[in-house]
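Residue-level structural notes
Below, each chain spelled out in residue letters.
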Amino acid sequence: MGRVFDWIDGKFHVKAPHKRFLQRRIPPGLSYMYCLGGASLFFYLVLFATGLLLSMYYIPSETEAYDSILRLQREVNLGWFIRAIHKWSATFLILFILAHTLRVFYSKAYRSPKELNWVVGCLTLVLSFASGFTGYLLPWDQKAYWATEVGTSMAGTVPGVGQFLINFVRGGFDVSQATLIRFYSIHVLWLPAGMSILLWSHFHMVKRQGIKKPL
Amino acid sequence: MRRRDFLKGVVKAVLVSMACISSSVAALFIYPASVKQREITMYECLSEEELPRRGVRRLDIEIDNKGRRAAVFIVAHEDKCFALSPVCTHLGCLVSFSRHGNAFICPCHGGKYDVEGNVIGGPPPRALTRLPMRVDKGKVYIGLKV
């Protein structure tokens, strides 16, 4: 690789130990179906980058949230563009993870010794659903509010602990400022942190265990 | 038991209990400190003459001076007059009254209630909540938990 990289690698020493992962043999007969996971990673990275940008203008407050979205759409340079990319990447992330899950399921790649990687992948899918759900509230418009009202009310149908769960999720009795800031925190800190750890372990296991031979 | 195994066990126990304690502290921190127990407050909303004689009337009650409003339905049906909460008992959306179908219909999942608030279709588990209503010196008061 380039001279700058070699200089950095002179301090880090990552190239040599990673060679056998980066230049590993892959089984013959792989198709584009084996790129779905990589495509999901691409959308995850796009979401991460555009999310970093959006967080500079978004204000997670009951009185300011909606106005800050309007400002983002109308006044901020390319605000509409960055927000649209974030929105569409979120849709495509879910689609591609689902397609990837189907591919893994169809090619029976969840079997031992890859069973833990299947579990990690499913957890990633759950966290990406959670990201979608928490991100949906943030525009703080009618659709966002009522979707969250309905979504969090579902927790209340759990027998016995329903109301406790609702309070826990909403941070109060109903969907309010407490819910908004809670969802914002989960959306921009907890879930990306959790997903990054899960994705790292996902790829680590892929490297260690290799790609399963197609059926 | 060898001393080494004993110490290993002790260290493990300390680590596990530390993890338990810190996660309970975190959960306690995340749980809302005061979930307000809502008291019923009676709001004056209209005069007795304005009560509907027959049918359903939607009313927006101003609940504070910041312009927050709460909607209620006042129903006059078979000589009775009562107030219904518009909150769907399924998942909390607001129902609207359809004059055409003579029923309350929830836009979210199609819950349907008759004019008395009883479920006649869709997923709601219970009838619409009846709100306390009082007529005093020609004025109508409706009780809301806000």
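Residues numbered from 1 in each chain as written. Chains lettered and ligands numbered in written order. Predicted model: local features only at pLDDT ≥ 70, side-chain atom pairs only at ≥ 80, totals over all residues. Heavy atoms only, no water.

Some points on the domain arrangement of chain B
Taken domain by domain, chain B comprises domain 1 (1-34) and domain 2 (40-145). Domain 1 of chain B and domain 2 of chain B are separated by 51 Å when their C-alpha centres are compared. (Domains from an automatic or database assignment.)

Looking at the packing of helix H8 (residues 162-170) of chain A against helix H9 (residues 177-209) of chain A
When two helices pack together, their arrangement is given by the angle between the helix axes and by the axis-to-axis distance. Residues and elements named next belong to chain A. Packing of H8 against H9 brings their axes to within 8 Å, and their N-to-C directions diverge by 70 degrees. Here H9 runs roughly perpendicular to H8, going by the angle between their axes. In this structure, H8 contributes Phe168, Val169 and Arg170 to the contact, and H9 contributes Ala178, Thr179, Arg182 and Phe183. Here the residues of the contact of H8 with H9 are counted per class, giving 4 nonpolar, 1 polar and 2 charged. (Axes fitted to C-alpha atoms, helices over the stretch in contact; angles between N-to-C directions. Helix = DSSP H or I, 4+ residues; strand = E, 2+ residues; numbered from the N terminus. Parallel < 35°, antiparallel > 145°, perpendicular 65-115°, else oblique. Contact = heavy atoms within 4.5 Å. Nonpolar A, V, L, I, M, F, W, Y, C, P; charged D, E, K, R; others polar.)

Points about the pattern of salt bridges
Residues and elements named next belong to chain B. Overall, the coordinates contain 9 salt bridges over all chains when judged by the stated rule. In this structure, the salt-bridge partner of Glu116 is Lys80, at a minimum N-O distance of 3.5 Å. Placement of the pair is Glu116 in the loop between strand E7 (112-113) and strand E8 (119-121) and Lys80 in strand E4 (residues 80-84), with a sequence separation of 36 residues. Close ionic contact of Glu116 with Arg130 constitutes a salt bridge, the shortest N to O distance being 3.6 Å. Highlighted residues: Glu116 in the loop between E7 and E8 and Arg130 in strand E9 (residues 130-131), separated in sequence by 14 residues. One continuous salt-bridge network, built from bridges that share partners, spans Lys80, Glu116 and Arg130. (Salt bridge = Lys/Arg side-chain N within 4 Å of Asp/Glu carboxyl O.)

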